[in-house]
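Breakdown of the fold
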Amino acid sequence: MEEKSVSLLPATLQAVDRVEITVLMDNYVDVLLGSTDVVARPVFRTGDEISRETVIAEHGMSMLVKTFQGEESHSIIFDTGHNKTGVPYNLKILGIDIGAVEAVVLSHAHMDHTGALYPLMEKLSWSVPLVVHPAVFTAPRFLKFPDGHMERFPNTLVREELMKRGGKIVESRMPVPLANGTILVTGEVERTTAFEKGFPIAKLVQDGELVPDPILDDQALVVCLKGKGLVVISGCAHSGIVNTVLHSRKITGIEQVYAILGGFHLTGPFFEPIIEDTVSALLKIGPKFIVPMHCTGWKAMHRFSEAFPDAFVLNSVGSKFMFS
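Residues numbered from 1 in each chain as written. Predicted model: local features only at pLDDT ≥ 70, side-chain atom pairs only at ≥ 80, totals over all residues. Heavy atoms only, no water.

Moving on, we come to the overall build of the protein. In terms of helices and strands, the protein carries six helices and 21 strands. Scaling as 2.2 N^0.38, a compact globule of 324 residues should have a C-alpha radius of gyration of about 20 Å, and the protein matches this with 19 Å. By principal-axis analysis of the C-alpha atoms, the protein measures approximately 60 × 45 × 45 Å. Taking all 324 residues of the protein together, the buried fraction comes to 55%. (Helix = DSSP H or I, 4+ residues; strand = E, 2+ residues; numbered from the N terminus. Rg over C-alpha atoms; globule rule 2.2 N^0.38 Å. Buried < 20%, exposed > 50% of the residue type's maximum accessible area, 1.4 Å probe, protein only.)

Next comes the structure, spelled out in structure tokens:
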């Protein structure tokens with residue numbers, strides 16, 4: 001399918017009165033976390049009896065993003081977790097009907113963000129657009145470790161298979177507005193920081209050669225909260241969470257950043273060395289709220305909680321973030 005045509009930067013983004021982000025999948029569950037003015041935690045009980053059922057976690061990411069302008073609302077799904085059953089199960093436990101969802105957006109093609117795509121698209125009768133960067137269909141992709149052994153990513157996205165099932169694929173490297181212009185998919189993220197250099201062991205096959213995989217399909221979502229600034233929602237931030245925020249500012253023309261949520265990919269020996277650079281850069285940006293998830297890693301999470309004592313919010317599957 002041809003790339004979607006998008007107007008020149010900065011892209012138009014309609015300001016919203018409120019945005020709600022419900023976490024359908026993440027790496028962590030803690031049913032003892034309390035609610036606040038900005039985050040509602042799910043309650044698992046019937047009357048005075050604690051439920052035998054609760055949401056489940058996995059190494060994956062998925063969110064339901066809902067925007068509000070007056071009486072009008074719009075919703076999309078961003079990523080679909082790792083396992084084909086996890087997100088659908090959590091939707092059932094949380095009592096969420098996705099019938100009003102207008103689009104599904106994939107942050108990139110890795111299996112921990114595409115796992116429940118087919119079950120969710122079938123639930124939506126394949127009637128909504130699937131918004132992706134064209135590079136999601138790149139295969140095969142590998143991780144090549146320092147000792148030389150390689151692991152292959154499962155090929156979870158095949159264009160022909162999606163289209164055969166009736167999928168309406170929107171492929172774009174440029175920003176794509178959704179939800180009546182209240183949500184912007186960033187498209188390919190410009191990489192400008194000196195310290196965010198991608199995933200060094202990621203590889204792909206190109207012209208028969210094994211070459212570095214820049215994971216160009218990495219993209220995020222942006223919402224503009226009226227009078228408060230941008231809400232930036234990341235999947236894995238393989239292009240770097242700071243790059244993602246800077247790019248979001250550039251494509252919208254809006255400098256103020258209100259909240260940053262999602263995977264920051266700062267876990268493990270390849271990324272822990274840039275935790276301090278990332279913290280320093282985000283302190284300069286100064287978000288009101290910061291919610292690291294998924295692939296951020298414990299060490300980085302702990303550091304963010306120290307550096308942002310008032311802005312940091314610990315996530316758990318089922319949490320609903322309400323910014324207004």
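Having seen the model, we can carry on.
Glancing now at the packing of helix α4 (residues 241-252) against helix α5 (residues 275-285). Relative orientation of the contacting elements α4 and α5 amounts to 25°, with a least axis distance of 9 Å. When the axes of α4 and α5 are compared, the pair comes out roughly parallel. Crossing angle aside, the handedness with which α4 passes α5 is left-handed. Contact with α4, carried on its side by I241, V242, V245, L246 and R249, involves T278, A281, L282 and I285 of α5 and no other residues of that element. Along the lines of polarity and charge, the residues of the contact of α4 with α5 split into seven nonpolar, one polar and one charged. (Axes fitted to C-alpha atoms, helices over the stretch in contact; angles between N-to-C directions. Parallel < 35°, antiparallel > 145°, perpendicular 65-115°, else oblique. Left-handed = near helix turned anticlockwise from the far one by under 90°. Contact = heavy atoms within 4.5 Å. Nonpolar A, V, L, I, M, F, W, Y, C, P; charged D, E, K, R; others polar.)

The next thing to look at is the pairing of strand β10 (residues 141-144). Pairing geometry for β10 and strand β15 (residues 202-206), over three bridges, is antiparallel. By the bridge assignment, F142 is partnered in β15 with K203. Where β10 lies against strand β11 (residues 150-152), three bridges are found, and the strand directions are antiparallel. Residue F142 lies in a different strand from β11, and its bridge partner there is R152. Taking the residues between adjacent antiparallel strands as the criterion, β10 and β11 are bridged by five residues, where G148 takes a positive phi near 100°. (Pairing = 2+ DSSP bridges.)

Attention shifts here to α5. All buried positions along α5 are accounted for by I275, T278, V279, A281, L282 and I285. Buried residues of α5, seen end-on, are gathered within an arc of 165° and therefore sit on one face of the element. Buried residues along α5 sit in contact with α4, β19 (257-263), β20 (289-293) and α6 (298-307). G286 sits one or two residues past α5 and shows a positive phi near 70°. (Arc of directions from axis to C-beta.)

Here the residue pair A139 and P140 is connected by a cis peptide bond, since its omega of 0° sits within 30 degrees of zero. You can see P140 is positioned in the loop between β9 (129-132) and β10. Positive phi, close to 55°, is recorded for N180, a residue that is not glycine. Residue position: N180 is located in the loop between β13 (176-178) and β14 (183-185).

Our next topic: the nonpolar core. If you look at the biggest cluster of nonpolar residues, it comprises 34 residues, and the most contacted ones within it are I21, V65, L221, V231, L261, F321 and F323. Not counting the four nearest positions on each side in its chain, V65 is found in contact with V19, E20, I21, H74, S75, I76, I183, L221 and I233. One finds V242, V257, I285 and F308 within the second-largest nonpolar core, a separate group that totals 30 residues. (Core = buried A, V, L, I, M, F, W, Y, C linked by side-chain atoms within 4.5 Å.)

A separate point is the sheet that holds β15. Across the sheet, which stays open at both edges, the four strands sit in the order β11-β10-β15-β16 with antiparallel pairing between neighbours. Only two strands of the sheet have a single neighbouring strand rather than two, namely β11 and β16 (209-212). The sheet shows a mean angle of 35° between the axes of neighbouring strands, taken without regard to direction.

Once that is clear, we can look at the confidence of the model for the protein. With 97% of its residues at a pLDDT of at least 70, the protein reaches an overall mean of 95. Residue range residues 1-8 is modelled with pLDDT below 50. Its contacts to residues more than four positions away, or to other chains, number 17 contacts. (pLDDT = per-residue confidence, 0-100.)

Within this model, the largest pocket holds a volume of roughly 340 Å³. What lines the largest pocket is a set of 19 residues, among which T22, L64, L94, I96 and K320 lie closest to the centre. Taken together, the elements giving at least two residues each to the lining of the largest pocket come down to β2 (18-25), β6 (62-69) and α1 (86-94). By residue class, the composition of the lining of the largest pocket is 11 nonpolar, three polar and five charged. V31, P42, V43, F44 and R45 are, among the 14 residues lining the second largest pocket, the residues nearest its centre. (1 Å grid on protein atoms, 1.4 Å probe; cavity = no way out; pocket = protein on both sides within 12 Å on 5 of 7 lines; lining within 4 Å. Points joined across faces, edges and corners; volume = space filled by probe spheres on them.)

A full pass over the atoms with the stated rule returns two cavities of 30 Å³ or more. One number sums up the size of the largest cavity: a volume of about 100 Å³. What lines the largest cavity is a set of 14 residues, and nearest its centre among them are A237, G240, H265, F271 and I274. Class assignment for the residues of the lining of the largest cavity results in six nonpolar, six polar and two charged. One number sums up the size of the second largest cavity: a volume of about 50 Å³. Along the walls of the second largest cavity sit V29, D30, V31, L33, R41, P42, F44, V55, S316, V317 and S319, which together make up its complete lining. Residue classes in the lining of the second largest cavity are distributed as seven nonpolar, two polar and two charged.

On the surface, V29, V31 and L32 cluster together into a nonpolar patch covering about 300 Å² of accessible area. A residue is classified by how much of its surface remains accessible, and L32, at 77% relative accessible area, is exposed. (Patch = residues over 30% accessible without salt bridge, like charges linked within 9 Å, V, L, I, M, F, W, Y side chains within 5 Å. Areas by Shrake-Rupley, 256 points an atom, 1.4 Å probe, with all protein chains shown as cover. Salt bridge = Lys/Arg side-chain N within 4 Å of Asp/Glu carboxyl O.)

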